[in-house]
Amino acid sequence: MSERDEHEELYGLAGLGRSLERTLAEICPVASQLPPAELTLPPKPEFGDVSTPVALAVARLASRNPREIATELGERWCAGPGAAVCARFEVAGPGFLNLFLSDEWYRGATRQMLALGGDHGRDVLALAQRQKINVEFVSVNPTGPLHVGHARYASMGDALCRLFSFAGHDVTREFYLNDFGSQMLKFGQSLAARYAQRLGIEMPVPADGYLGDYVLEVADRLIDEVGDRYLMAVTAAAPDATRLPDEVVDEIKMWGRDAILARFRVTLERLRVPFDVWTSEASLYAGGTAYRGFAGEVGKALRELDTEGELFDSDGAVWLRTTDYGDDKDRVLIRQTGAPTYFLSDIAYHRDKMDRGFEHLINIWGADHHGYVPRMKAMFSALPPHDPERLELIIGQLVNLLESGAARRMSKRSGDIVTVDDLSDAIGVDAVRFFMVGRSHDSTLDLDLDLAVEQSSKNPVYYVQYAHARICSVLRNLADGQGDPGDPGDPLSAPGAVSFGDVEVGPFERNLARALARFPLVVLDAVERRGPQRLHGYLGELAAEFHVFYRNCRVLTDDPEVAAFRAGLCVATRTTLAKGLELLGVSAPESM
RNA sequence: GCGCCCGUAGCUCAGCCGGAUAGAGCGUCGGACUUCUAAUCCGAGGGUCGCAGGUUCGAAUCCUGCCGGGCGCGCCA
């Protein structure tokens, strides 16, 4: 690393931390055995601008007093690599090293962030960590509209994908359409019954069928499309929809699937969730040569499991011995009736995903499916490359709806549900996206519908968006007043070239600049922990720092260096807020 | 009964791969607009981090047990 690069590195918090660790390794070679420690932002200004507990961590390994190590590290680093950016240091408490950064560090950090623009925080993953990842989420039977739970998984899944991609992973968003099996049969029969009713034939929706109004709408469109093509079939079967011939139900079912699927696409597009791949479960049973009576990907999967010796026959069914891999019971793949289970489809599906060259698979599921996890892990142990680590299952807890303070129960079959579109109508897509990633995926989420409809300033998304709009306004005023886009001192026209002279950096500017400098660390943290709520929380904090800064520091001032520096902070904040909101799928309005 | 998740301020929750005096929003109370957007800011009040043990220099964080709540435990998906 050249001296100049090394100097530039110090203007980012990650680089600052690395530099400290290199110096620490010179003092205590065992330090290199430890995972990289993070710089922390101290709770009080007396504790410095940034702080590190790294001496505490290494003290035990080195069998040395942590305060001694911290002192030696501080002396050595501040006199050497950190000389230009660190004003002084203190050792506090049990062995914290607190660094007091110079104004030059703040100017340099701001200059660097401006030069990076929208790339501030991008590609934070080391090259070796970057992977080709498939993220499967929302996946559902196409038997009815998406509900609020799906809004959560869609928002979280998409935010994770955006974060992954920004951090350096190669990401594919995939939707698995469960258009096969008994639920689809019920749906087909329900739709056929509604169709029959529209033609004046007595045929109730079968028991356990789908009663929602949307089935009526789909039936209307079916009639528009095919007229009375199935009149004879439904007349013959009436009044029992379950007596309809298979080929008729199949046709109606697939027609219904396409209608529901079209709605999914519209809903998800509105929610700004762009799926790259849609895979149909039914399609896994088509094509190729049959094995054990199954064609397509399913046949391939069965053949491979047989090759691996993982299948056995019992009670007239075909089983996978998942108990060999930690599941608490073996699982049926082909029923006594000869019909495949959902698990068999899933094996074929995941085998195919691996075949498509993904290094890592992530599935996001609702908590009501968590009992399925052990058999999925077992599947990955049974199939080449026999590595359950390749599959990561993120279990999202459920969403409770509160109405007038009481829980609202929903039933999918009866059609009494709050849909994603209902929610988007009520509070807007920005609020849905922001709210749904506001807490950890393993906490249940209570959504207060009364509050959601209120659309007031209680909604935290406005707080962050307002900070962005406010900055845009300030910068518009700045451009109007100074109006010289060719001025190299204008951070708007040449953000990377501004030096800010030796302008003094006040406490509000320091806080804002430090918050901005944290962004790459937040992105990395959110990616590694699969926690978009960390970015959500950070954006609130960054917006708060900006609002305080704005309150205390006039940007439009007579001193050109002060104005340039403050405008530079504004530009960097605007860019960072916009990027952070974009990563959550939320818009960044220029005025409000 | 077994498994997974949760239990932190009046409410909703962050923080949890051990670090300094546990944070935010909402609600409550009191302040701040002749100056770049008051959807903002400042201040006050509010806590046995469910309980009990254990590990540690140090525990909201790790381990064990218990209590309370959610979700699962099909040859459904």
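1. Some thoughts on the sheet that holds strand S13 (residues 406–408)
Taken together, the 3 strands give an open sheet; going across it, the order is S13-S12-S14, and neighbouring strands pair in mixed fashion. Each end of this open sheet is capped by a strand with a single partner; those strands are S13 and strand S14 (445–448). Taken over all neighbouring pairs, the strand axes of this sheet differ in orientation by 45° on average, direction set aside. Here strand S12 (residues 399–403) pairs with S13 via 3 bridges, running antiparallel. For Leu-402, the partnering residue across the bridge sits in S13 and is Ala-407.

2. Here's the deal with the protein's contact with RNA strand B
Taken together, 62 residues sit near RNA strand B, with Phe-96, Arg-335, His-370, Tyr-466 and Arg-470 positioned nearest. Among the atoms of RNA strand B lying within 4 Å of the protein, the sugar-phosphate backbone contributes 58%. In this structure, Gln-336 approaches RNA strand B through a main-chain N or O atom, which is 3.0 Å from a base oxygen. Within the backbone of Val-555, one N or O atom sits 2.9 Å away from a base nitrogen of RNA strand B. Among the secondary structure elements, those contributing two or more residues to the surface near RNA strand B are helix H3 (54–62), strand S3 (96–101), helix H7 (182–198), strand S8 (317–320), helix H17 (460–482) and helix H19 (532–552). No other element matches H17, which puts 9 residues into the surface near RNA strand B. For the surface near RNA strand B, the residue count by class is 24 nonpolar, 19 polar and 19 charged.

3. Considering the side chain of Ser-280
Relative to the helices and strands, Ser-280 resides in strand S6 (residues 277–280). A distance of 3.2 Å separates a polar side-chain atom of Ser-280 from the backbone nitrogen of Ala-282. Once residues within four sequence positions are removed from consideration, Ser-280 is found in contact with Leu-177, Asp-179 and Arg-257.

4. Examining the packing of aromatic side chains
Tallying each qualifying case throughout the model produces 20 aromatic pairs. Within the aromatic cluster, the residues linked to one another by ring pairs are Phe-137, Phe-175, Phe-264, Phe-275 and Trp-278. Positioned above the aromatic ring of Phe-358 is the side chain of Lys-132, whose terminal nitrogen or guanidinium carbon lies 4.9 Å from the ring centre. For the cation-ring pair, Arg-265 lies above Trp-278, with the distance from its terminal atom to the ring centre recorded as 4.4 Å.

5. Some points on the domain arrangement of chain A
Interface extent is often summarised as the accessible area lost during association of the parts. What the domain assignment lists for chain A is domain 1 (3–101), domain 2 (182–260) and domain 3 (460–583). The C-alpha centroid of domain 3 is placed 57 Å from the C-alpha centroid of domain 2.

6. Considering unusual backbone geometry
With an omega of 5°, the peptide bond running from Ala-238 to Pro-239 counts as cis. Mapped onto the secondary structure, Pro-239 falls in the loop between helix H9 (231–237) and helix H10 (246–270). Backbone torsion omega between Pro-384 and Pro-385 reads 0°, so that peptide bond is classified as cis. Structurally, the position occupied by Pro-385 is in the loop between helix H13 (373–382) and strand S11 (391–396). With a phi close to 65°, Asp-208 is a non-glycine residue in the positive phi region. Take Asp-208: it is sitting in the loop between H7 and helix H8 (213–226). When its relative accessible area of 52% is taken as the criterion, Asp-208 is described as exposed.

7. Description of the environment of Ile-260
Along the chain, the position of Ile-260 falls in helix H10. Along the backbone, Ile-260 and Phe-565 are 305 residues apart, and their C-alpha atoms lie at a distance of 54 Å. Sequence-distant contacts of Ile-260, defined by excluding residues within four places in its chain, comprise Pro-142, Thr-143, Gly-144, Phe-187, Tyr-214 and Val-218.

So, how was this worked out
- Residues numbered from 1 in each chain as written.
- Chains lettered and ligands numbered in written order.
- Predicted model: local features only at pLDDT ≥ 70, side-chain atom pairs only at ≥ 80, totals over all residues.
- Heavy atoms only, no water.
- Pairing = 2+ DSSP bridges.
- Helix = DSSP H or I, 4+ residues; strand = E, 2+ residues; numbered from the N terminus.
- Axes fitted to C-alpha atoms, helices over the stretch in contact; angles between N-to-C directions.
- Near = heavy atom within 4 Å.
- Polar contact = N/O pair within 3.5 Å; in protein donor to acceptor, adjacent residues only side chain to side chain.
- Nonpolar A, V, L, I, M, F, W, Y, C, P; charged D, E, K, R; others polar.
- Contact = heavy atoms within 4.5 Å.
- Phe/Tyr/Trp six-rings, centres within 6.5 Å; stacked < 30°, edge-to-face > 60°.
- Lys NZ or Arg CZ within 6 Å of the ring centre and 35° of its normal.
- Domains from an automatic or database assignment.
- Buried < 20%, exposed > 50% of the residue type's maximum accessible area, 1.4 Å probe, protein only.

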